[in-house]
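Chain and residue survey
Chain residues, written in single-letter form:
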Amino acid sequence: GWTEWTECSHSCGLGERLRTRRVVQLPRDGGRQCPAMEERTACMIMSCDEFVWDVDSWSPCEPTYGKICGDGWKMRDVKCRAGVLYSDQCALRKSRPETMTSCSLHCPGDCIMTEWTITDDCNGSCSPYTYQKRLRYIKQNPMFSNSLKCGSVNETVPCSEIHDCYDYTIKVGEYSSCILDDSSEFNDCGSGRRYRTVNCIRNDGVIVHSDNCAGIRDLPLSIGCNLTCPRDCVYQHAFTGWADCSKSCGIYGNMTRQRIIEQQPAHGGRLCPPDHHQSTVCNAVPCYSYSWTRYPWGECSVNSVSTLYIIMFTL
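The structure presented is a predicted model; accordingly, all values stated were derived computationally and were not measured.

Strand pairing within a sheet occurs via backbone hydrogen bonds; the two strands may be parallel or antiparallel. Spatial strand order, β4-β5-β7: three strands in an open sheet with antiparallel pairing. Two strands close off the open sheet at either side, each with one partner strand: β4 (62-63) and β7 (100-105).

A full pass over the atoms with the stated rule returns one aromatic pair. Its end group placed over the ring of Y166, R202 keeps NZ or CZ at 4.0 Å from the ring centre. If you follow R257 out to its NZ or CZ, it ends over the ring of F239, 4.7 Å from the centre.

So, about the pattern of salt bridges. As a working rule, side chains carrying opposite charge can pair if their charged atoms are close by. The tally for this structure, following the rule as stated, stands at nine salt bridges. The residue E39 makes a salt bridge to R19 at a minimum N-O spacing of 2.8 Å. Pair noted here: E39 is in strand β2 (residues 38-43) and R19 is in strand β1 (residues 15-20), with a separation of 20 residues, a long-range link. With a relative accessible area of 6%, E39 lands in the buried category. Measuring nitrogen to oxygen at the nearest pair gives 2.7 Å for the salt bridge that ties R202 to D204. Residue class for R202 comes out buried when judged on its relative accessible area of 4%. Given a relative accessible area of 41%, D204 falls into the partly exposed group.

Read across the sheet, three strands follow the order β9-β10-β12 without closing on themselves; strand pairing throughout is antiparallel. The open sheet terminates on both sides in strands that have one partner only, identified here as β9 (117-120) and β12 (154-158). Across this sheet, the average inter-strand angle for adjacent strands is 35°, counted without regard to direction. Summarising the sheet, β9 and strand β10 (residues 131-135) pair through three bridges and their orientation is antiparallel.

A word on the state of the cysteines. Taken as a whole and assessed by the stated rule, the structure comprises 11 disulfides. The side chain of C233 participates in a disulfide bridge whose partner is C272; the two sulfur atoms lie 2.0 Å from each other. Here C233 and C272 share a disulfide; its torsion about the S-S bond, 100°, makes the bridge right-handed. Separated by 39 residues along the polypeptide, C233 in the loop between β17 (222-227) and β18 (234-235) and C272 in the loop between β20 (261-263) and β21 (277-281) bring together distant segments of the chain. Considered together, C233 and C272 belong to a single accessibility category, that of buried residues.

The next point concerns the layout of surface pockets. Empty space among the atoms becomes visible once a probe the size of a water molecule is rolled across them. Looking at the largest pocket, its volume works out to about 650 Å³. Lining the largest pocket we find 26 residues, and of these W53, R93, K94, S95 and P97 sit closest to its centre. Counting residues per element, the lining of the largest pocket draws most heavily on helix α1 (residues 87-93), at four residues. Split by residue class, the lining of the largest pocket holds 13 nonpolar, five polar and eight charged.

Right, let's get into the nonpolar core. In terms of nonpolar packing, the biggest core is built from 10 residues, these being C12, M46, C48, F51, W53, V78, C80, C90, I201 and I207. With near-sequence residues (within four places) excluded, I207 lies in contact with H10, C12, C48, R93, N199, C200 and I201. Counting residues in hydrophobic clusters, the runner-up holds six residues, among them V206, V208, C213 and I216.

Rules used throughout
Residues numbered from 1 in each chain as written. Predicted model: local features only at pLDDT ≥ 70, side-chain atom pairs only at ≥ 80, totals over all residues. Heavy atoms only, no water. Pairing = 2+ DSSP bridges. Helix = DSSP H or I, 4+ residues; strand = E, 2+ residues; numbered from the N terminus. Phe/Tyr/Trp six-rings, centres within 6.5 Å; stacked < 30°, edge-to-face > 60°. Lys NZ or Arg CZ within 6 Å of the ring centre and 35° of its normal. Salt bridge = Lys/Arg side-chain N within 4 Å of Asp/Glu carboxyl O. Buried < 20%, exposed > 50% of the residue type's maximum accessible area, 1.4 Å probe, protein only. Axes fitted to C-alpha atoms, helices over the stretch in contact; angles between N-to-C directions. Disulfide = S-S within 2.5 Å. 1 Å grid on protein atoms, 1.4 Å probe; cavity = no way out; pocket = protein on both sides within 12 Å on 5 of 7 lines; lining within 4 Å. Points joined across faces, edges and corners; volume = space filled by probe spheres on them. Nonpolar A, V, L, I, M, F, W, Y, C, P; charged D, E, K, R; others polar. Core = buried A, V, L, I, M, F, W, Y, C linked by side-chain atoms within 4.5 Å. Contact = heavy atoms within 4.5 Å.

Given below as structure tokens:
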């Protein structure tokens, strides 16, 4: 029978797994050929789409040291969607967002500024020499000497720190062997499906969320297939009658008989028996030929001379 499937080759996304079986007895005496000894198919432990950070909203700003206003901290929950055990996989695809950051609640008389407004966007540039520029305006200047002072009204940030500067490609694997719908060691032919891997790959080799590769969801992951069943030789077990002898005499005469082949073997089916033709010697008798051969007359010869006396008696 088949071995157990090997582990999936990828921890997320579509990978490949393998199983094998061994030959217990090689075919002999015209038996069926051995079927495939190896099967490969696509597999998936989980989708790489699960290796993303789920980020909650920021909590309200909490001033430090029990104050009711001024500098403080705000927090939020950040979790790997696939689970805490896969946090390193989430971090491999994107740095973990901050879970805590400084904040400030305005006290009476503090400087109040507007939110940042982007004035010069990167437009997707990842060059280390391009920057995003943003501005904000002062809505209220500090009213007292100990009031919170106003911060900068403009700021530049390298575009490479803002944008996703990776390239993404679709990697399509080869189709697997045909996996039968009801595969078992007693079922080696029929209809099934062939599978392949289709993953979105970042240019550092990491499998990432499929949304990064346009059109990836349109690519088929499997196709139908069929393993042709072996076709055995089919023949009549009874021999035909003996044919006429090829010679009427001598030692070279023979006659034959055969089993009728009704179906030739194909696709590794059982072969026809080698003895479906038989022959034997026949009419093994000397080949004599009888006929007169006429030769010319030779010269006349006399072997002896004799005198013939005829005595006649007269009465």
